[in-house]
Amino acid sequence: DRVSTQSTGVHLYCVFRTDRSARIRRERMIFNFYIFSRNGTCLYYEEWNIPKEGRTPKAIQEEQKLMFGLLYSLRGFITKTSPKPCETFTYYKTSRYKLHYLETPTGLKFVLNTDKDAPTMTDELKKLHQEYYVEYALKNPLYKLGEPLGACEGFNSRVINFLTSHPEFKRRVVH
């Protein structure tokens, strides 16, 4: 974050850091990936490049609830305020990250958080739905709709491989 102040024609820029030892690098990367059911159950979650301290299972579960609430509210806000008929959004961007979003006709929500400079990942989310979710979850006779996807044979490893081999994925050691 930068703050600019103007005093007698001189611009001062202050860079604020939460960790003095951190170096600012402009790397594009993938932070996490969610799949939510239509009623808000988190069916799948994986994260990378996120500090592990304080990340208890309960904290992660709370984060998932907040994420679904954000999506629900944001989607409602967009549909009500859009000047043209609009059913959904594909991404939103903050000063720190970009949230990519795909909602399927059945109400599944695919969410990918990346660095703010990453290109739109709509095609990747469609591929995750069509080539991985449909093939390794829906077509799996042992999978019950609405259940977490962790037990689906082949799904987890293929999703992780797809995302970690993507050009936007960079592994960064986070302390």
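Up top is the structure these notes are about.
Every chain is numbered independently, its residues counted from 1 as its sequence is written. Under the rules for a predicted model, residues below a pLDDT of 70 receive no local features and side-chain atom pairs below 80 are neither given nor counted, while totals for whole chains, interfaces and linings still include all residues. Side-chain metrics in this entry use all non-hydrogen atoms of the structure; hydrogen atoms and water are not considered.

Visitor: Looking at this structure, I do not really get the overall build of the chain. What am I missing?
Guide: On a plain count of helices and strands, the chain comes out with 3 helices and 7 strands. Three exposure classes are used, based on accessible area relative to the maximum for each residue type with a 1.4 Å probe and protein chains only: buried under 20%, partly exposed in between, and exposed over 50%. Here the chain, with 175 residues, has 37% of them falling under the buried criterion. Considering only residue pairs separated by 6 or more positions, the chain has 49% of its internal contacts joining residues 24 or more positions apart. Accessible area of the chain: about 11,600 Å², with a carbon and sulfur share of 52%. Comment: elements are numbered from the N terminus, with helices defined as DSSP H or I runs of at least four residues and strands as E runs of at least two. Contacts are residue-level and defined by heavy atoms, with any inter-residue pair within 4.5 Å sufficient. Here the Shrake-Rupley method, with its probe set to 1.4 Å, supplies the accessible areas, and only the displayed protein chains count as covering residues.

Visitor: Could you clarify how one ought to interpret the pattern of salt bridges in this entry?
Guide: In a structure, side chains of opposite charge can pair up when their charged atoms sit close to one another. Within this document, salt bridges are pairs made up of a side-chain nitrogen of Lys or Arg and a carboxyl oxygen of Asp or Glu, the two lying within 4 Å of each other. This model, assessed by the stated rule, comprises 9 salt bridges. Among the salt bridges present, the one from Arg-55 reaches Glu-63, with a minimum N-O distance of 2.7 Å. Each of Glu-47, Lys-52, Arg-55 and Glu-63 takes part in a single network of salt bridges with overlapping partners.

Visitor: What is the right way to look at the packing of helix α2 (residues 122-138) against helix α3 (residues 155-164) in this model?
Guide: The relative placement of two packed helices comes down to the angle between their axes together with the axis-to-axis distance. Running from N to C, α2 and α3 cross one another at 160°; their axes reach a closest spacing of 10 Å. Classified by the angle between their axes, α2 and α3 sit roughly antiparallel to one another. As α2 packs across α3, the resulting crossing turns out to be right-handed. Residues Glu-124, Lys-127, Leu-128, Tyr-132, Tyr-133 and Tyr-136 of α2 touch α3, and the partners they reach there are Phe-155, Arg-158, Val-159, Phe-162 and Leu-163. Three classes are used, and their members are as follows: Ala, Val, Leu, Ile, Met, Phe, Trp, Tyr, Cys and Pro are nonpolar, Asp, Glu, Lys and Arg are charged, and the others, Gly among them, are polar. Class assignment for the residues of the contact of α2 with α3 results in 8 nonpolar, no polar and 3 charged. Note on geometry: axes are lines fitted to C-alpha atoms, helical ones only across the stretch in contact, with angles between N-to-C directions running from 0 to 180 degrees. Oblique is the label for any angle not under 35 degrees, not over 145, and not in the 65 to 115 range, which are roughly parallel, roughly antiparallel and roughly perpendicular in turn. A clockwise turn of the near helix away from the far one marks a right-handed crossing, whereas an anticlockwise turn of less than a right angle marks a left-handed crossing.

Visitor: I would appreciate a short explanation of the sheet that holds strand β4 (residues 42-47) in the present structure.
Guide: Two pairing modes exist for strands in a sheet, parallel and antiparallel, and in both the strands are linked by backbone hydrogen bonds. Spatial ordering of the open sheet is given by β4-β3-β7-β6-β5, a layout of 5 strands whose pairing is antiparallel. Edge positions in the sheet fall to β4 and β5 (91-93), since each of these pairs with one other strand and no more. Strand-to-strand twist across the sheet, computed as the mean angle between neighbouring axes with direction ignored, equals 10°. Each of β3 (30-36), β6 (97-103) and β7 (109-115) touches α2; the most contacted strand, β7, lies at about 130° to it. Along the sheet, α3 contacts β3, β4 and β7; its crossing angle with β4, the most-contacted strand, is approximately 45°. When DSSP finds at least two bridges between two strands, those strands are taken to pair.

Visitor: Any chance you could explain the layout of surface pockets here in plain terms?
Guide: Empty pockets left among the atoms are what a rolling probe the size of a water molecule brings to light. What the second largest pocket holds in volume is close to 230 Å³. Lining the second largest pocket we find Ser-37, Arg-38, Leu-43, Thr-104, Pro-105, Thr-106, Leu-108, His-129, Tyr-133, Leu-138, Leu-145 and Gly-146. When residues in the lining of the second largest pocket are grouped by element, the largest group, 3 residues, is from α2. Looking at the lining of the second largest pocket residue by residue, the class counts come to 6 nonpolar, 5 polar and 1 charged. Within this scheme a cavity is a closed region of a 1 Å grid, computed over the protein atoms alone, that accommodates a 1.4 Å probe without allowing it to escape, whereas a pocket is open but has protein on both sides within 12 Å along at least five of seven lines; lining residues each have an atom within 4 Å of a point. Grid points are joined across faces, edges and corners, and a volume is the space filled by probe spheres set on the points.

Visitor: Which parts of the structure should I look at to understand the nonpolar core?
Guide: Note on soluble globular proteins: their nonpolar side chains tend to be buried together. Throughout, nonpolar core names a set of buried Ala, Val, Leu, Ile, Met, Phe, Trp, Tyr and Cys residues whose side chains join them through atoms within 4.5 Å. Counting residues in each nonpolar core, the largest one holds 24 residues, and the members touching the most others are Phe-33, Ile-35, Phe-110, Leu-128, Leu-149, Phe-155 and Leu-163. Those elements that provide at least two residues to this core are β3, β4, β7, α2 and α3. Top contributing element to this core by residue count: α2, with 5 residues. Among residues more than four places away in sequence, those in contact with Leu-149 are Ile-35, Leu-43, Tyr-44, Tyr-133, Ala-137, Tyr-143 and Phe-155.

Visitor: What am I meant to see in the packing of aromatic side chains here?
Guide: What characterises a pair of aromatic rings is the spacing of the ring centres plus the angle enclosed by the ring planes. Only centres within 6.5 Å qualify two rings of Phe, Tyr or Trp (six-membered ring in Trp) as a pair; their planes then separate them into stacked at under 30 degrees, edge-to-face at over 60, and tilted for everything else. Counted under the stated rule, the structure contains 11 aromatic pairs. For the pair Tyr-132 and Phe-162, a centre-to-centre distance of 5.5 Å together with 40° between the ring planes defines the contact as tilted. Taken as a pair, Tyr-132 in helix α2 and Phe-162 in helix α3 lie far apart in primary sequence, 30 residues in all. When sorted by exposure, Tyr-132 lands in the same class as Phe-162, which is buried. The rings of Phe-33, Tyr-44, Phe-110, Tyr-133 and Phe-155 are connected pair by pair, giving a single aromatic cluster.

Visitor: Could you clarify how one ought to interpret the side chain of Asn-113 in this entry?
Guide: Following the sequence through the fold, Asn-113 ends up in strand β7. Since its relative accessible area comes to 6%, Asn-113 is described here as buried. The definition of a polar contact used here is a pair of N or O atoms within 3.5 Å, where within protein one atom must be able to donate a hydrogen and the other to accept one, and adjacent residues in sequence count solely through side-chain atom pairs. Here the side chain of Asn-113 touches Asn-32 through a polar contact of 2.7 Å, side chain to side chain. Excluding its chain neighbours within four sequence positions, the residues that come into contact with Asn-113 are Ile-30, Phe-31, Asn-32, Tyr-34, Met-67, Tyr-97, Lys-98 and Leu-99.

Coordinates in, geometry out; function isn't part of it.
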